[in-house]
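# An overview of the molecular structure
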Amino acid sequence: MNPKTTRRRFIKGVIASGAAATTSTIWFAANGQDKPAGAVERMIRINVNGQVRTVDVAPQETLASTLRYKLGLTGTKLGCNRGECGACTVLVDDVPSYACSVLTHSVKNQVVETVEGLESANGTLHPVQQAFVEELSPQCGYCTPGQVMSAVGLLRSNPNPTREEARQGMAGNICRCGSYDSYLNGVMRAADIG
Amino acid sequence: MAYMHIGKDFVPQDVPGKVTGRIKYSEDYARDGMVYARLLTSPVPHGRVVDIDASEALAMDGVIGILTADDVYPDGEPQSPGLKVLTNEPTLIGEPILAIAAVDEKTAEDAMMKISLTIERLPFALDPLDSLVEGGPDAYNGGNTFVFRQGFASEKWSSDQVAAFRSGSEPTAEAQQSWEYGDLAAGFAASDFVYETNFSTAGYPHMSMEPRSAMSYWENGKCYLHGTSQSLTAVAEGLAGIVGVPLEDFVFVNEATGGGFGQRARAGSIPILAVPAKLSQKINRPVMMRVTREEEFTIGGARQGLQGWIKVGFKADGAMAAMDMYCVSDNGGKGGGGDANSAAGGVSALYQTEAMRFRNTSIGTNTGHRGAQRGPGENQIMAVLAPIMDKAAEDLGLDRLEIRKLNAAQNGDVSGPRSQPFTSAYMPEALEMGAAQFDWETKRSRSRQTDGSKVRGLGIGQGYHNAGRSGMDGLIRMLPNGRLQIHNGVGNLGTYSYASTSRAAAEVLKMDWANCDVITGRTDRHLPISSPQDGSNSIFTNTRTCYGAAQDMLGKMKEIAAADLGGDVADYDIDGSRVFQMADTSVGMTYAEVATRGLELGGKYTGEAELPEELNVVTALAVERLAGSALMGVYHDPRHNNNPPGFTVTFMEIELDKETGKFDILDLVTIAECGTVVHPQGLANQLRGGAVWGIGLSAYERHLYDPQNGLPASSGYWQSKIPTYLDTPENIGTGWVDLPDPENPVGARGIGEPSMGAVSAALNAAISDALDGHLFNAAPVTADMIINHVAGISENSVPLAQNNFRG
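Since this is a predicted model, take the numbers as computed values, not measurements.

### A closer look at the overall build of chain B
- Secondary structure summary: chain B contains 24 helices and 31 strands in total.
- Its C-alpha radius of gyration of 27 Å places chain B within 12% of the 28 Å reference for a compact globule of 807 residues.
- Dimensions along the principal axes, computed over C-alpha positions, put chain B at roughly 85 × 75 × 50 Å.
- A total of 807 residues make up chain B; the buried ones form 66% of that total.
- The contacts in chain B between residues at least 6 apart in sequence include a share of 79% that link residues at least 24 apart.
- Of the roughly 25400 Å² of accessible surface on chain B, 47% is carried by carbon and sulfur atoms.

Have a look at this one:
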């Protein structure tokens, strides 16, 4: 297995990048609706899907909140907002990361990719997206953007995973519909066509 | 029969939106001027609100308004169990008491902290048996149970009766509910193997990925509600009633739903959606109410837990001669469901029990809102019974597969207290197919083989659910450009049945799918009443309605052609783009021409006359609004005959480590017996997803409460232990019998519920097999239970307890 994509490394990456393990009581503080605190710069520039965006970010604001509620990128879903489900997975410098557990300020100098950034300008789906369509991987679809981003991250670091490696690499994403087998079929198909 | 669409894979129209993130769930919408609502929820498991002082909160900058139970229920709250929009009489920790709206969520949250809530704490119960004991706490105001048409009541047993039940004896108290058929005493007398035990199955939360956030606004007298549901039209009238707006002035928007599993099927299970609607009405601003994972846990529902006693007898040949079942159902804090009754009905159907008695008493606890969850009742009891079937086979010297085939439901069989016949049943065929695909003959010899601390276990499981609603309506339109629009109100939960059932209409009209549109997603697109996507009903029910509407349209198309081109209706046929005379195919009209002509003719051709009298009010409104817009096919589906079952079979091999109590699933094959297959990829997804759910039921999922304070301890994914990639096998084998059912025009029946039950049963049987046939008589069987058994020590929790810290 490619060591870059283990669940342990995934989680460690999240923690190292400035985890804000939110609970319901501080969710709303993380939504960037507070007043400036101290000397932390609020207007920051972040690179999202290849575009540098200037956005007003509170010190404790999570990347998921910034993406969804400031930049309108609602493809990133919040299933738990506490680092358990993976529905909010995005890529930060190619590493799958829980956007609910990453402070936006911590990614100022990094490249963020969301599910909206995968499709080409002419509407061609990313190989992972295309494979997920062909395998009918999603069921309810709420976890799908996170599954897509984890799969993209996995295949960038390990373009030809075994099915077991794919299973390990995707293990940070929950699917309550239980579509794991179909997602793995999609990952393996994407590896074939990618 | 060769079909054009039925049995073929296709790409449902919403799938690209799901992989690109474009499809919108309710929380993804925004509206100019939108404000944000936060919920103040109950801090106690059972209480009564004495006073709410929100003056300081309402005086804050940015706070717009407040909604309380008094606003929602000016004449007093309904005195019945069931979720309320808001309440002053909470019976759950986390139950919403009020909502406050502000310009942003931070302000709303800050305002919440300024509210002074005075609440009287009342006794609470976490275990139905604790409440059943004389003097025990009651979950509700007015008792611990609710009797239909009578109201709240108190059900009490003596402490000796409860103690005897806990220790494994048959309950002696009179049950609230009972039914019986056959000669039970004679059945047991004729039995060569009789097994008697108490058992428990845990309830646990649905944990849909999408919390039930909602957004609402009012415009020109209409209420627009963006919400999350298992149906568009079956909930519309109920939701409109809860909001307090006429159906014709209510628009429900729900393009996609992030999971439901039974708990979003009815308006009564999602009344919280009315909060933003009523707040918006009160403050005249669009309102977004985001629901947190913790809030979703409380109001999002849970499976009923069952504590019971069973006695089952088998004849020497393996036939299940008698079954006596007594359940105490955990109804949770907001009323419950019918799990116990469904469990008993499932036993009767699946094992063709010759004589049976069922008794049940339902008792409330202050633990979550109980209700339907995927295969309610059947899936729990099959997990308990599968190892007992193996025990019977072993004792009687029979093969485990053969005893199941002997008792399996077949065509002509009946089930339940009313001896209702199946519409069709091919369980022996499913068992044979599963055995062949799994290679049971070879693998059976690996049973109980050891390798150090690891041991192999094999299990066979069966699942059942009676699936098939009728009385719904179909509505389709042919536009003047020849496109077919199939209106479907089923809801989009991820089974894709909104699309696959619509293909029955395309099938009748022989149309290319590329020329068809499924109209769905919001009720102002004028949708007929459809079965909710629940209870495995939508495939059976909505193929009937779509097929019927298409037949209506086909008749009208031929009438138009015959009137314009001469001859009789019977002289005409179709080819997917033209209506033509069979004797001279050059004489005909294109679909576009027929649709255009239908528009000119109006009347019955465009929904303005001669409509089915029985149309549901929802459909009638849709037809009225579409009348005159296109050639229309309208159909009301009458009641069908008999019971359309969904059956499944699972074969499983596990390797269990006796040192850790953990196991790996080495092979899993699950077979569907659900009539004609409509959508193979969708069916495979249901089988795989059901398998994951079955693994969760039998090995992992929990409902944990702190006994001191009644605090939920499993409100998140981690604590509730829903299965992950690593808890489930790398591959799940699937297959299907694919024999048509006579009560459905394309031969189809549903499968979503039993796809779980067979796997839960097979897993419990495999665990038992690996432990030399030890019976836990419980679900889940967790690692600590296994370790304790292997170590020869008793369980560290009360065997029958519900909602405890087991596992």
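### Here we look at the overall build of chain A
- When helices and strands are counted, chain A shows seven helices and five strands.
- A buried classification covers 61% of the 194 residues belonging to chain A.
- In chain A, the share of contacts with a sequence separation of at least 24, taken over all contacts with a separation of at least 6, comes to 63%.

### Some points on the packing of helix α18 (residues 538-565) of chain B against helix α19 (residues 591-601) of chain B
All names here are of chain B.
- Contact geometry of α18 with α19 gives a least axis separation of 10 Å together with a crossing angle of 85°. Accordingly, the angle class assigned to the pair α18 and α19 is roughly perpendicular. Contact with α18, carried on its side by Met 557, Ile 560 and Asp 564, involves Tyr 591, Val 594, Arg 597, Gly 598 and Leu 601 of α19 and no other residues of that element.

### Quick word on the packing of aromatic side chains
All names here are of chain B.
- Following the criterion strictly, the structure yields 21 aromatic pairs over all chains and no others.
- Aromatic pair Phe 10 and Trp 513: ring centres 5.9 Å apart, planes at 75°, arrangement edge-to-face. You can see Phe 10 sitting in the segment before α1 (15-20) and its partner Trp 513 sitting in the loop between α17 (503-508) and β23 (516-519), a full 503 residues away along the chain. Here the two residues Phe 10 and Trp 513 agree in accessibility, since each one is buried.
- Each ring, one from Phe 297 and one from Tyr 705, has its centre 6.4 Å from the other, and the planes form 40°; the classification is tilted. With Phe 297 in helix α10 (residues 293-299) and Tyr 705 in the loop between α21 (680-700) and α22 (717-720), this pair connects stretches of sequence that are 408 residues apart.

### Focus on the side chain of Ser 42 of chain B
Residue and element names in this part refer to chain B.
- Mapped onto the elements, Ser 42 comes out in the loop between β1 (35-41) and β2 (47-53).
- By relative accessible area, Ser 42 is classed as buried at 2%.
- Non-local contacts of Ser 42, meaning those with residues more than four positions away in its chain, are made with Pro 90, Leu 92, Ile 93, Gly 94, Glu 95, Ile 97 and Ile 119.

### As for the interface of chain B and chain A
- The partner chain A presents 58 residues to the 65 residues of chain B that form the contact.
- Between chain B and chain A lies a buried interface of about 5100 Å² when both sides are counted; carbon and sulfur atoms form 56% of it.
- Arg 176 of chain A is the salt-bridge partner of Glu 701 of chain B, the closest N and O atoms lying 2.8 Å from each other.
- Counting only elements with at least two residues in the side of chain B that touches chain A, the list comes to α1, α4 (105-113), α10, α21 and α22 of chain B.
- In terms of residue count, the dominant contributor to the side of chain B that touches chain A is α21 of chain B (eight residues).
- A class-by-class count of the residues in the side of chain B that touches chain A yields 26 nonpolar, 21 polar and 18 charged.

### Some words on the confidence of the model for chain A
- With 79% of its residues at a pLDDT of 70 or more, chain A shows a mean pLDDT of 86.
- Below pLDDT 50 for its whole length, residues 1-27 of chain A participates in 52 contacts with residues either more than four positions away or in separate chains.

### Points about the pairing of strand β9 (residues 193-201) of chain B
All names here are of chain B.
- Where burial is concerned, most of β9 is hidden: seven out of the nine residues are buried.
- In the sheet, β9 pairs with strand β14 (residues 306-314) via nine bridges, with the strands oriented antiparallel. When the bridges of β14 are listed, Phe 199 appears paired with Gly 308.
- Pairing of β9 with strand β31 (residues 778-779), which is carried by two bridges, proceeds in the parallel orientation. Among the inter-strand pairings, Thr 201 is bridged to a residue of β31, identified as Ala 779.

### Looking at the pairing of strand β22 (residues 484-487) of chain B
All names here are of chain B.
- Going residue by residue along β22, you find Leu 484 and Ile 486 tucked away on one face and Gln 485 and His 487 tucked away on the opposite face as well.
- Pairing of strand β21 (residues 473-478) with β22, which is carried by four bridges, proceeds in the antiparallel orientation. Bridged to Ile 476 within β22 is Ile 486.
- Taking the residues between adjacent antiparallel strands as the criterion, β21 and β22 are bridged by five residues, where Gly 482 takes a positive phi near 90°.
- Judged from the four bridges that link them, β22 and β23 form a sheet pairing that is parallel. What sits directly across from Gln 485, in β23, is Asp 517.

### Observations concerning the domain arrangement of chain B
- As assigned here, chain B comprises domain 1 (31-122), domain 2 (375-468 + 644-791) and domain 3 (469-636).
- Taking only C-alpha atoms into account, the centre of domain 1 of chain B sits 46 Å from that of domain 3 of chain B.

### Quick word on the domain arrangement of chain A
Residues and elements named next belong to chain A.
- Assigned domains of chain A: these are domain 1 (3-115) and domain 2 (127-193).
- The interface is formed by 21 residues belonging to domain 1 together with 19 residues belonging to domain 2.
- Interface area for domain 1 against domain 2, summed over the two sides, is near 1600 Å², with a carbon-plus-sulfur share of 59%.
- Our count for the domain 1 to domain 2 interface comes out at two salt bridges.
- Note that Arg 156 is salt-bridged to Asp 94, the shortest N-O span being 2.7 Å.
- Between the two partners, domain 1 and domain 2, sit seven residue pairs in polar contact (both at pLDDT 80 or more).

### Focus: the packing of helix α11 (residues 339-351) of chain B against helix α12 (residues 378-396) of chain B
Residues and elements named next belong to chain B.
- The interhelical angle for the contact between α11 and α12, taken along N-to-C directions, is 45°, at an axis separation of 8 Å. Of the possible angle classes, the one that applies to α11 and α12 is oblique. In the packing of α11 onto α12, the handedness of the crossing is right-handed. The segment α11 lies against α12, with Asp 339, Ser 342, Ala 343, Gly 346, Val 347, Leu 350 and Tyr 351 engaging Glu 378, Gln 380, Ile 381, Met 382, Leu 385, Ala 386 and Met 389.
- Within the contact of α11 with α12, the residues separate by chemical class into nine nonpolar, three polar and two charged.

### Considering helix α23 (residues 754-770) of chain B
Residues and elements named next belong to chain B.
- For α23, spanning 17 residues, the distance from its first C-alpha to its last is 24 Å, which sits close to the expected 24 Å at 1.5 Å a residue.
- The buried fraction of α23 is high, at 17 of 17 residues.
- At the C-terminal side of α23, Asp 772 shows a positive phi close to 60°.

### Description of unusual backbone geometry
- Between Ala 779 of chain B and the following residue, Pro 780 of chain B, the backbone shows a cis peptide bond with an omega angle of 5°.
- Of note in this structure, Asn 81 of chain A is not a glycine but carries a positive phi near 60°.
- When its relative accessible area of 5% is taken as the criterion, Asn 81 of chain A is described as buried.

### Concerning the sheet that holds strand β1 (residues 43-48) of chain A
All names here are of chain A.
- Here five strands make up an open sheet; going across it, the order is β2-β1-β5-β3-β4 and the pairing mixed. Each of the sheet's edge strands pairs with one partner strand only, and the pair in question is β2 (51-56) and β4 (95-98). Adjacent strand axes in the sheet meet at a mean angle of 40°, parallel and antiparallel pairs treated alike.
- As paired elements, β1 and β2 share six bridges and run antiparallel to each other. Bridging from a neighbouring strand, Ile 46 pairs with Arg 53 of β2.
- On top of the sheet, helix α5 (residues 144-157) reaches β3 (89-92), β4 and β5 (111-113); it is set at about 35° to β3, its chief contact.

### A short note on the environment of Asn 141 of chain B
- Along the polypeptide, Asn 141 of chain B turns up in the loop between α5 (128-132) and β6 (145-147).
- A polar contact of 2.7 Å, which involves the side chain of Asn 141 of chain B, links it to the side chain of His 46 of chain B.

### Points about the sheet that holds strand β19 (residues 450-451) of chain B
Residue and element names in this part refer to chain B.
- With mixed pairing, five strands are arranged side by side in an open sheet as β19-β20-β28-β29-β30. The sheet is open, and its two edges are formed by β19 and β30 (733-736), each paired on a single side.
- Pairing analysis gives four bridges linking strand β29 (residues 663-673) to β30, with the strands arranged parallel. Paired with Ile 671 across the two strands is Gly 735, which belongs to β30.

Each value, and the rule that gives it
- Residues numbered from 1 in each chain as written.
- Chains lettered and ligands numbered in written order.
- Predicted model: local features only at pLDDT ≥ 70, side-chain atom pairs only at ≥ 80, totals over all residues.
- Heavy atoms only, no water.
- Helix = DSSP H or I, 4+ residues; strand = E, 2+ residues; numbered from the N terminus.
- Rg over C-alpha atoms; globule rule 2.2 N^0.38 Å.
- Buried < 20%, exposed > 50% of the residue type's maximum accessible area, 1.4 Å probe, protein only.
- Contact = heavy atoms within 4.5 Å.
- Areas by Shrake-Rupley, 256 points an atom, 1.4 Å probe, with all protein chains shown as cover.
- Axes fitted to C-alpha atoms, helices over the stretch in contact; angles between N-to-C directions.
- Parallel < 35°, antiparallel > 145°, perpendicular 65-115°, else oblique.
- Phe/Tyr/Trp six-rings, centres within 6.5 Å; stacked < 30°, edge-to-face > 60°.
- Buried area = accessible area lost by both parts, 1.4 Å probe.
- Salt bridge = Lys/Arg side-chain N within 4 Å of Asp/Glu carboxyl O.
- Nonpolar A, V, L, I, M, F, W, Y, C, P; charged D, E, K, R; others polar.
- pLDDT = per-residue confidence, 0-100.
- Pairing = 2+ DSSP bridges.
- Domains from an automatic or database assignment.
- Polar contact = N/O pair within 3.5 Å; in protein donor to acceptor, adjacent residues only side chain to side chain.
- Left-handed = near helix turned anticlockwise from the far one by under 90°.
- Expected span 1.5 Å × (residues − 1).

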